[in-house]
Structure formats: C-alpha cells, structure tokens
2 protein chains.
Amino acid sequence: MQAKGHLGQLIHALRCLPGVGPKSAQRMAFHLLLRNREGAKALAQSLLAAVEHIGYCEQCRGLSEEPLCSLCASANRDHGQLCVVEMPTDVYAIDQAGCFRGVFFVLNGRLSPLDGIGPAELGMDLLEQRLAAGEVKEVVLATNTTVEGEATAHYIGEMAQRYGVRTTRIAYGVPLGGELEYIDGATLSLAFNGRRDF
Amino acid sequence: MQAKGHLGQLIHALRCLPGVGPKSAQRMAFHLLLRNREGAKALAQSLLAAVEHIGYCEQCRGLSEEPLCSLCASANRDHGQLCVVEMPTDVYAIDQAGCFRGVFFVLNGRLSPLDGIGPAELGMDLLEQRLAAGEVKEVVLATNTTVEGEATAHYIGEMAQRYGVRTTRIAYGVPLGGELEYIDGATLSLAFNGRRDF
Ligand SMILES: [Zn+2]
Ligand SMILES: [Zn+2]
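Residues numbered from 1 in each chain as written. Chains lettered and ligands numbered in written order. Predicted model: local features only at pLDDT ≥ 70, side-chain atom pairs only at ≥ 80, totals over all residues. Heavy atoms only, no water.

Draft legend 1. Region of the structure containing the coordination of the zinc ion (ligand 2). Residue and element names in this part refer to chain B. Only Cys-57 (SG), Cys-60 (SG), Cys-69 (SG) and Cys-72 (SG) from the protein reach the zinc ion (ligand 2) as donors, at distances of 2.3 to 2.4 Å. Around the zinc ion (ligand 2) sit four donor atoms, and with donor-metal-donor angles ranging over 105 to 119° the site reads as tetrahedral. Coordination of the zinc ion (ligand 2) draws on donor residues from a single chain, spaced C-x2-C-x8-C-x2-C in sequence. Residue Cys-57 is located in the loop between β1 (55-56) and β2 (63-64), and its partner Cys-72 is located in helix α4 (residues 70-73); the two are separated by 15 residues in the primary sequence. Considered together, Cys-57 and Cys-72 belong to a single accessibility category, that of buried residues. (Donors = N, O, S within 2.8 Å, 3.2 Å for Na, K, Ca; no water. Tetrahedral: all angles 85-135°; square planar, octahedral: opposite > 155°, others 65-115°. Helix = DSSP H or I, 4+ residues; strand = E, 2+ residues; numbered from the N terminus. Buried < 20%, exposed > 50% of the residue type's maximum accessible area, 1.4 Å probe, protein only.)

Shown next as structure tokens:
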C-alpha cells in the first residue's frame, strides 16, 4: 500500500525541499498530520505569504519585500563599497560577522556555462550599470572559493577594471573549495580584513 | 542582519518539520524562494488539503480521507486477524512487505506514563470494543521492540486474554530496540512468519 490521495500528494510535495528524500518526506507528513496540524497550517500560510510578498531588490538582486531592500536603502552603509556575493545567504553571513559596512550585489548563482548560467542570468548588466554610475569606489569580490566562484570573480574583476574601479578579493582565510555560508564569523572577518587588490 | 518579515516567518515555520534546525530551515527558505516558488505554492496547497481532508479511520485509527479507511473497508482482507501497531507508517511498512493479509489497529503512540500517554490516548477503549465484538480471532502484536513497545504489547495481550482471543507477538527477527519503520520487508516477513503465542 503506497500512500495515495492527499497524503501521497503531501509526501510528494515535501520533496521539493532540499535534502528531503522519500523517507524523510513520509516522516514529515505523518509528523505534521499526527502531531502538529496547526504547524502545518502555519507553514502553508508562511509559504504563500513569502512567495507573494518577497521579491528581489531592484538594486542588489537580494531578496526583499520592498523595491529597495533595507541595506540598499540604508544611509548608514557605505555605498562606495560594493561586495559581490553568490547567494542571499552570503549577505546574512557577512553582515552577521560585522566585518563590512558597505552594500551588496547578489548574483543568485555563479558562472556555470554547462548549466546554462551566463552573465545575463547573474544580472551582470545591472552590475555594470552600477559600476558605470561612478558611486562605487571598491568592489569586494566575495564569491565562493570554488572553481566556478573564482571564474565569476575574474569576470567581474575584468569588468570593474574597464570602469577603473578598485577591485579586491576576500583573503584565503576562507578554506579552498569552501562555501561561504558555512564559515564562522571570525574567519569571515579575517578574510575581509586580509582582502587584497585583485 | 537576521531574516525578518515574511522571510523570517517562513524560516521559523519550516522548523515545525521534524529534523529541521535553524540552518536547514534557512537553506530551505532560500531554496524555495530562489529556485522553486511553484514548488513552494504546491507544498502550501498540499499541506492545507492534507490537514483539511485527512482524518482518522473510525475503526482502526489510521489516517484516512474516509470515515472507514481502504484497509478496513476491504473485503479482500482477513478481518479475523488484527495487527496492532504504534504508527500509521508501520501499517505501510508491513503492508509493503506483503506478509500479512489481515487488518490493523493503529495506536498512534505507545504507553508512556511519564509523557501522559495512557490507554485512553491510544484508543484502547475502541480496541476493547473490537475484541468484545467477537470477529477478531487473532491479535498480532507488532508494537516496537522497545521497552515502551513491550509494555504496550503486554497491556493489549492481557486485554485480549480477557476476551479469549489468541494473541501473538511478531518474532524477534526485528532487532531489539529497533523501530519497525526502518526494518526491511524481508526481515519483517521473517518476523511475521515466526510469530508465537504471547
Ligand atoms: Zn538591495
Ligand atoms: Zn481503518
């Protein structure tokens, strides 16, 4: 007997969550139905509200409920320093480390030609407009230290050079091959303080 | 910067899922928003539909969209053999193993006085009515082989004896301390075939 009907659909739908296979989806479905129906309803409402209200900041491509996110709109940040990251989670990690008071640009990915992810998918045109506008005095490249992250950093470094903008790369305090999101705040701070011209 | 607003709410709501801590909740939220908004909407609808439509079978206490579940309603099952299990997932596991053609009674838990789970919470009154009605010729105790599962089995065994119903316990092919849900079908079949009077 396989789970059918609404139960089968729920188990299937839970598999859209990263890291959730058939067995955990089944456990989650039974847990919610047997132990936490209120939590299931609240989760459904949160999913719908998030999908409806959360879009992208038109300036930095980070997730935002407003056209301009709170960081881009803030007068307390140094808008002359622009940190380029792969993922919105990287913004949170760097901001929590407290080592950077500038603003961000979120690629929402990295150059990966084999996956069909090129400059257009990463909003490079928007980044180029930003550099052309002249306010940015330093681009801090904080893409991951993976092969694809490095290639992405080089692409942006060359673009910044064309506009005469100083470009730095965060120091290799970040372990090679590491994903920024998993690095602790102290290491991130070291990496920021040790950044060098790129 | 902590995630606030709808994003923060979504991350919080995802933690109602078993095994999901703050870090995975954050990853899930970003994954859905950045990569799979359709999946997020589908998951929300599935959660609401499941909570609305899935209740409990009034005969076996398993999850069911109808007053009587498909197993209890089936004329192809031997209604004289009643297998008592802790969780609805156990029903699926045993049925998939193909080793039992009777029907089930689902406790949705196990006796655990310290957690306030006594006979009433496990539907023992409903089980007793079932035994009193006389149709059941054999009770197969398939609670987990944990201390609490054994205590629960003994409680039911004594109840069945009062009604003169033969009671068997699945064989210790199931490893001691093991959770039924994780046992493969072949082991479950052995355990069923080796069941003995209790
Ligand atoms: Zn922004
Ligand atoms: Zn039933």
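Draft legend 2. Summary view of the packing of helix α3 (residues 37-53) of chain A against helix α1 (residues 5-14) of chain B. As a packed pair, α3 of chain A and α1 of chain B sit with axes 9 Å apart at the nearest point and diverge in direction by 150°. Between α3 of chain A and α1 of chain B, the interaxial angle falls into the category roughly antiparallel. Crossing angle aside, the handedness with which α3 of chain A passes α1 of chain B is left-handed. When α3 of chain A is examined against α1 of chain B, the residues Ala-42, Leu-43, Ser-46, Leu-47, Ala-49, Ala-50 and His-53 of chain A are found in contact with a partner set consisting of His-6, Gln-9, Leu-10, Ala-13 and Leu-14 of chain B. Split by residue class, the contact of α3 of chain A with α1 of chain B holds eight nonpolar, four polar and no charged. (Axes fitted to C-alpha atoms, helices over the stretch in contact; angles between N-to-C directions. Parallel < 35°, antiparallel > 145°, perpendicular 65-115°, else oblique. Left-handed = near helix turned anticlockwise from the far one by under 90°. Contact = heavy atoms within 4.5 Å. Nonpolar A, V, L, I, M, F, W, Y, C, P; charged D, E, K, R; others polar.)

Draft legend 3. Fine view of the packing of aromatic side chains. Residue and element names in this part refer to chain A. Taken as a whole and judged by the stated rule, the model has four aromatic pairs over all chains. Ring centres of Phe-100 and Phe-104 lie 5.4 Å apart, and the angle between their planes is 70°; this geometry places the pair in the edge-to-face category. For Phe-100, a relative accessible area of 2% translates into the label buried. (Phe/Tyr/Trp six-rings, centres within 6.5 Å; stacked < 30°, edge-to-face > 60°.)

Draft legend 4. View of the interface of chain A and chain B. Listed as interface residues are 59 residues of chain A and, on the opposing side, 59 residues of chain B. When chain A packs against chain B, the two sides together hide about 5,600 Å² of surface, and 70% of this comes from carbon and sulfur. At the junction of chain A with chain B, the criterion picks out zero salt bridges. At the boundary of chain A with chain B, the tally comes to ten residue pairs in polar contact (both at pLDDT 80 or more). Mapped by element, the contributors of at least two residues to the side of chain A that touches chain B are α1 (5-14), α2 (22-35), α3, β1 (55-56), α4 (70-73) and α5 (88-97) of chain A. For the side of chain A that touches chain B, the element with the most residues is α3 of chain A, which contributes 15 residues. (Buried area = accessible area lost by both parts, 1.4 Å probe. Salt bridge = Lys/Arg side-chain N within 4 Å of Asp/Glu carboxyl O. Polar contact = N/O pair within 3.5 Å; in protein donor to acceptor, adjacent residues only side chain to side chain.)

Draft legend 5. A look at the state of the cysteines. All names here are of chain A. Within the structure shown, the criterion is met by zero disulfides over all chains. Free of any disulfide, Cys-99 has its nearest cysteine sulfur in Cys-83, 8.3 Å distant. Judged by its relative accessible area of 16%, Cys-99 falls in the buried class. (Disulfide = S-S within 2.5 Å.)

Draft legend 6. Region of interest: the pattern of salt bridges. Residues and elements named next belong to chain A. Counted according to the given criterion, the structure contains twelve salt bridges over all chains. Linking Glu-38 and Lys-41 is a salt bridge whose minimum nitrogen-to-oxygen distance equals 3.5 Å. Of this pair, Glu-38 and Lys-41 both sit in helix α3, separated by three residues, roughly a single helical turn. The exposure class assigned to Glu-38 is exposed, which follows from its relative accessible area of 56%.

Draft legend 7. Summary view of the packing of helix α6 (residues 124-133) of chain B against helix α7 (residues 147-162) of chain B. Residues and elements named next belong to chain B. One can describe the packing of α6 onto α7 by two numbers: an axis separation of 10 Å at closest approach and a directional angle of 35°. Crossing of α6 against α7: the hand is right-handed. Contacts between α6 and α7 involve Met-124, Leu-127, Glu-128 and Leu-131 from the former and Thr-152, Tyr-155, Ile-156, Met-159, Ala-160 and Arg-162 from the latter.

Draft legend 8. Seen up close, the relation of the copies chain A and chain B. Each copy of the sequence occupies a distinct position, and chain A is placed on chain B by a rotation of 180° and an axial shift of 0.0 Å, giving an RMSD of 0.1 Å. In symmetry terms, the pair is related by a two-fold rotation axis. Closest approach to the rotation axis within chain A is made by the C-alpha atom of Ala-44 of chain A, at a distance of 2.0 Å. Here 100% of the interface residues in chain A have copies in chain B that are interface residues too; the copies meet face to matching face. (Least-squares fit on C-alpha atoms with pLDDT ≥ 70 in both.)

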